[in-house]
Structure formats: C-alpha cells, structure tokens
Amino acid sequence: NFDKIKTDSIAFDKCKVNTSVLYEMNEVNPDIKKLQIVSCDLTGELNFTQFKNSEELQIIYTLDSFAELKDLTENLNIKKLVISGDLIKGKESKEQLNQVRKRGIKVEIVGPII
C-alpha cells in the first residue's frame, strides 16, 4: 500500500497505529531520515533498529514510561532524538539520556519536565 509514497520524512500525529505499518513503510521506502510520532496510541512491538537510514526520531507524548524509551534507545543509530519532558523523571532517566548523548546523539526535550 505504501509503494507509491516516496519521502524521507514521515509524521504520525494523534492517531492509533499498529507498529507493523511503520515497518511496512520502511521496507518500501528505506530512505526515511526523519520519523515523527506525536501523541499516538501504538500497538505492537516498537523497535526502530530497522530504520537504517534514519537521522532523527521524534517520539513525543507517545510512550508511557522511561523504561520504554530506554529499550528503544539502546541500539539506535541516529543523530537526533526528540522526546517529551513527561518521560524525564528522576536520576535514572537523566543518566540514561546522558548515555545517549555520549553516543553522539543530540537529545532535545519538548514540553515541561515534571
């Protein structure tokens, strides 16, 4: 269904998405450089390692916990990560973000840090 879409940037905003849609899009169009997911209800396994050409991942107001973000960021090979401030809670989350930064990934936080 996505073979006619040729773009290097995809955004999902306030929608319900099965993560298999992301993987299908990446198979047809592997040149996606920027993926933005804002306030979405995701079902299925979330893993961005197959996005080999991605440079930027924005995952804002979508994840429920910092543990989910930690799992996602372990093997990411991107240049920039944009996350929502609601995930930054306590010392552990700040330490994990510092580890992400040490790997050369620029981290931008959007919204209030609670």
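Residues numbered from 1 in each chain as written. Predicted model: local features only at pLDDT ≥ 70, side-chain atom pairs only at ≥ 80, totals over all residues. Heavy atoms only, no water.

Undergrad: Which parts of the structure should I look at to understand the side chain of Gln58?
TA: Structurally, the position occupied by Gln58 is in strand S5 (residues 56-60). Not counting residues up to four positions away in its chain, the partners in contact with Gln58 are Lys34, Leu35, Gln36, Ile37 and Val82. (Helix = DSSP H or I, 4+ residues; strand = E, 2+ residues; numbered from the N terminus. Contact = heavy atoms within 4.5 Å.)

Undergrad: Explain the nonpolar core here, please?
TA: One recurring pattern in soluble globular proteins: nonpolar side chains tend to sit buried together. The biggest cluster of nonpolar side chains holds 27 residues, and the ones touching the most others in it are Phe12, Leu35, Phe48, Leu69, Leu81 and Ile83. When contributions to this core are tallied by element, the ones reaching two or more residues are strand S1 (9-13), helix H1 (20-28), strand S3 (34-38), S5, helix H2 (66-73), strand S6 (80-84) and helix H3 (90-102). (Core = buried A, V, L, I, M, F, W, Y, C linked by side-chain atoms within 4.5 Å. Buried < 20%, exposed > 50% of the residue type's maximum accessible area, 1.4 Å probe, protein only.)

Undergrad: Whenever I open this one, the side chain of Gln96 confuses me. Can you help?
TA: For Gln96, the position within the fold is in helix H3. Relative accessible area serves as the criterion here: at 11%, Gln96 is assigned to the buried category. Apart from the residues within four sequence positions on either side, Gln96 is in contact with Phe66, Lys70, Thr73 and Glu74.

Undergrad: Just checking my understanding: could you explain the pairing of strand S7 (residues 106-110) for this structure?
TA: Regular strands place side chains that alternate from one sheet face to the opposite one. Pairing between S6 and S7: five bridges, direction parallel. Each residue of the ladder has a partner; that of Ile83, found in S7, is Ile109. (Pairing = 2+ DSSP bridges.)

Undergrad: Explain the sheet that holds S1 to me, please; I cannot follow it from the model alone.
TA: As a general point, the strands of a sheet are linked pairwise by backbone hydrogen bonds and lie either parallel or antiparallel. In spatial order, the strands read S1-S3-S5-S6-S7; together these five strands make up an open sheet with parallel pairing. Lying at the two open borders of the sheet, with one neighbouring strand each, are S1 and S7. Sheet twist, expressed as the mean angle between neighbouring strand axes with direction ignored, is 5°. Relative to S6, S5 runs parallel, the two sharing four bridges. Paired with Gln58 across the two strands is Val82, which belongs to S6. (Axes fitted to C-alpha atoms, helices over the stretch in contact; angles between N-to-C directions.)

Purely geometric stuff here, so don't read any function into it on its own.
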